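# Coordinates in review
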Amino acid sequence: MTTVCAAAIDDMVLQVAVGAAAGFALARALARQGSRAAPGDGGDGKARGDGGVRVVDDDDKDAARNAAAGSKKPVVVYMDGCFDCMHYGHANALRQAKACGDVLIVGVVNDAEIKRCKGPPVCDEAERIEMVQACKWVDGVIGDVPYEVTDEFTDELFAKHGVDYVVHGDDPCLLPDGTDAYAYPKRIGRYKEIKRTEGVSTTDILGRLLRVGRKAAGETLEAAEVKEATFCTTSSRIAQFGSRTSVPVDGKVVYVSGAFDVFNRGHVEILRKAKELGDFVLVGVHTDADVRARCGDEHPVLNEKERALSVLSCRYADEVVIGAPAKITNDLLTTFNVSIVVAEDEDEYLIDGEDVNALAKARGLYRVVERAHGASVAGVAQKIMANRAEFEARNARKAKSESAYYATKKTVAET
Ligand code: CTP
């Protein structure tokens, strides 16, 4: 982990707000568990699997609900994973896990373990932790957890972190010896299963990014290689992710728009900075056609509903306009009561020779926000291409187990 990444993470780890309804239940729960309520790191910016929990400040309604529960012990649930190229499937897993209890602690597996057990991760541990922390259903994060969930580690979760239940998706999770990784918490009745989100996986996104990288490198793709996205967005899924708060008429609305393709720490950073500028962050997710016209045929990697869901899962985004026009219009500014328009970068975005932000600039509403992490889709694709053989081998292995899952899957109710 580089110093920069560690600093970025620590910046995101906020003290539990004393006395605030939001932090009260969580602070009490974590205090009871003997966990540290501040950056739980070992001096190197890492929260250790055997150490503290990074507490994420959370003023959402779930925490308020917990506080309202009075003296009843909050139910602490734990979910672990790699959360590589964090996507809305991961976010939906965390949403369902949170619904299994009151406080959600997430264990993030370290880079070396992922490399050993699965193949190289696309995003390093610092970024993966940052992305999990940015998810609005997460209350605390433990880094550096083992890939293989041993009985000893599970006991430590129960004893040290006050975990009541371990939660995992309904896809089989096997140890190298072929046994069920969650056999122990299942046996003692402390396991809850949630439904895996169909149609999206890191393997699938990696495959799509590999195709972007290969195309950029001048390769011609076979028609059979171009896989259609299989994700089916329902209105209830959008509602589950949505904020249920409308744009305020008396607050400062900050509007940020863009592709938000392959949601990453650069996007989180800009949304966090936008939030600092006002009371309500409204995110315009551009249409697939606009992104294609601006970035090329292989873009976007994820369709506009998939991109919108990732944005909605972020704690700094209050509301999303799905398929927003790229051009800022008077109608858009007025309808949504926009006070500030935040730009993702300095590049002028021209449509038919006209700057899409011209009106915001003319009205003095336009701000460019500097960001340390400019992870572009092309950049990630290049990184994958640099280790192409390893990623292709990883994907071939994972694609096999994913196909087996889809061949035998049953209907599991969502939480
Ligand atoms: N998960 C899910 N739906 C998906 C992908 C992951 O519900 N489409 C859940 C997994 O079941 C697990 C958690 O998210 O409980 C973390 O998953 P992770 O360890 O990151 O990886 P995988 O299960 O291998 O998923 P992916 O290939 O997408 O990384």
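Read on for an overview of the structure. Keep in mind it's a predicted model, so treat the numbers as computed, not measured. (Residues numbered from 1 in each chain as written. Predicted model: local features only at pLDDT ≥ 70, side-chain atom pairs only at ≥ 80, totals over all residues. Heavy atoms only, no water.)

## A closer look at the side chain of Arg-315
The following threshold applies: Numbering goes from the N terminus for both helices and strands, where a helix is a DSSP run of H or I of at least four residues and a strand is a run of E of at least two. Pairs of N or O atoms are called polar contacts if they sit within 3.5 Å, as long as, within protein, a hydrogen donor faces a hydrogen acceptor (for residues adjacent in sequence, only side-chain-to-side-chain pairs).
Locating Arg-315 in the fold gives a position in the loop between helix 13 (304–312) and strand 9 (319–324). Polar contacts involving the side chain of Arg-315 include one to the main-chain carbonyl oxygen of Gln-133, which spans 2.9 Å. A polar atom in the side chain of Arg-315 sits 2.8 Å from the backbone oxygen of Val-138.

## Regarding the packing of helix 9 (residues 202–216) against helix 16 (residues 377–386)
To keep it simple, the criterion reads: Interaxial angle, 0 to 180 degrees, is taken between N-to-C directions of lines fitted to C-alpha atoms, where a helix line uses only the stretch in contact. Note on terminology: angles under 35 degrees are roughly parallel, angles over 145 are roughly antiparallel, angles of 65 to 115 are roughly perpendicular, and the others are oblique. Contact criterion: two residues are considered in contact whenever any of their non-hydrogen atoms come within 4.5 Å of each other. In the scheme used here, Gly and all other residues not listed as nonpolar or charged are polar, with Ala, Val, Leu, Ile, Met, Phe, Trp, Tyr, Cys and Pro taken as nonpolar and Asp, Glu, Lys and Arg as charged.
Where helix 9 contacts helix 16, the axes come no closer than 8 Å and their chain directions differ by 90 degrees. By the angle between their directions, the pair helix 9 and helix 16 is classed as roughly perpendicular. Contacts between helix 9 and helix 16 involve Leu-206, Leu-209, Leu-210, Val-212, Gly-213 and Arg-214 from the first element and Val-377, Val-380, Ala-381, Ile-384 and Met-385 from the second. A breakdown of the residues in the contact of helix 9 with helix 16 according to their chemical character gives 9 nonpolar, 1 polar and 1 charged.

## Looking at the site of the ligand
Filter applied, for reference: If even one non-hydrogen atom of a residue comes within 4 Å of a molecule or strand, that residue is called near it. Calculation of accessible area relied on Shrake-Rupley with a 1.4 Å probe; when residues are assessed, cover is drawn exclusively from the protein chains displayed.
In the vicinity of the ligand, 21 residues are found, and the nearest of them are Phe-83, His-87, Val-200, Thr-202 and Lys-398. Within the contact set of the ligand, an oxygen atom lies 2.8 Å away from a backbone nitrogen or oxygen of Phe-83. In this structure, His-90 approaches the ligand through a side-chain N or O atom, which is 3.1 Å from an oxygen atom. Expressed as a share of its isolated accessible area of 550 Å², the protein-covered part of the ligand is 96%. Split into classes, the residues belonging to the shell around the ligand amount to 5 nonpolar, 10 polar and 6 charged.

## What about the sheet that holds strand 8 (residues 280–286)?
Rules: Two strands are said to pair when DSSP picks up at least two bridges between them.
Spatially, 9-8-7-10-13 is the arrangement adopted by the 5 strands of the open sheet, whose pairing is parallel. Pairing within the sheet leaves two strands with one partner each, and these edge strands are strand 9 and strand 13 (366–368). Between one strand axis and the next, the sheet turns through 25 degrees on average, direction left out of account. Across 6 bridges, the pairing between strand 7 (residues 253–258) and strand 8 is parallel. Bridge pairing in strand 8 places Val-253 opposite Phe-280.

## Details of the sheet that holds strand 1 (residues 54–55)
Hydrogen bonding along the main chain pairs the strands of a sheet, whether they run parallel or antiparallel. On the basis of which strands lie adjacent, the open sheet formed by 6 strands has the order 1-4-3-2-5-6 and mixed pairing. Looking at which strands have only one partner, the edges of the open sheet turn out to be strand 1 and strand 6 (191–194).

## Points about helix 16
Put simply, the rule reads: Residue exposure (1.4 Å probe, protein chains only): buried if accessible area is under 20% of the type maximum, exposed if over 50%, otherwise partly exposed. Think of the arc as the fan of directions from the helix axis to the C-beta atoms.
For helix 16, the set of buried residues is Val-377, Val-380, Ala-381, Ile-384 and Met-385. Seen from one end, helix 16 has its buried residues packed into an arc of 140 degrees, which puts them on one side. Residues of helix 16 that are exposed and point more than 90 degrees away from the buried face comprise Gln-382 and Ala-386. Where the residues of helix 16 are buried, they touch helix 9 and helix 17 (388–408).

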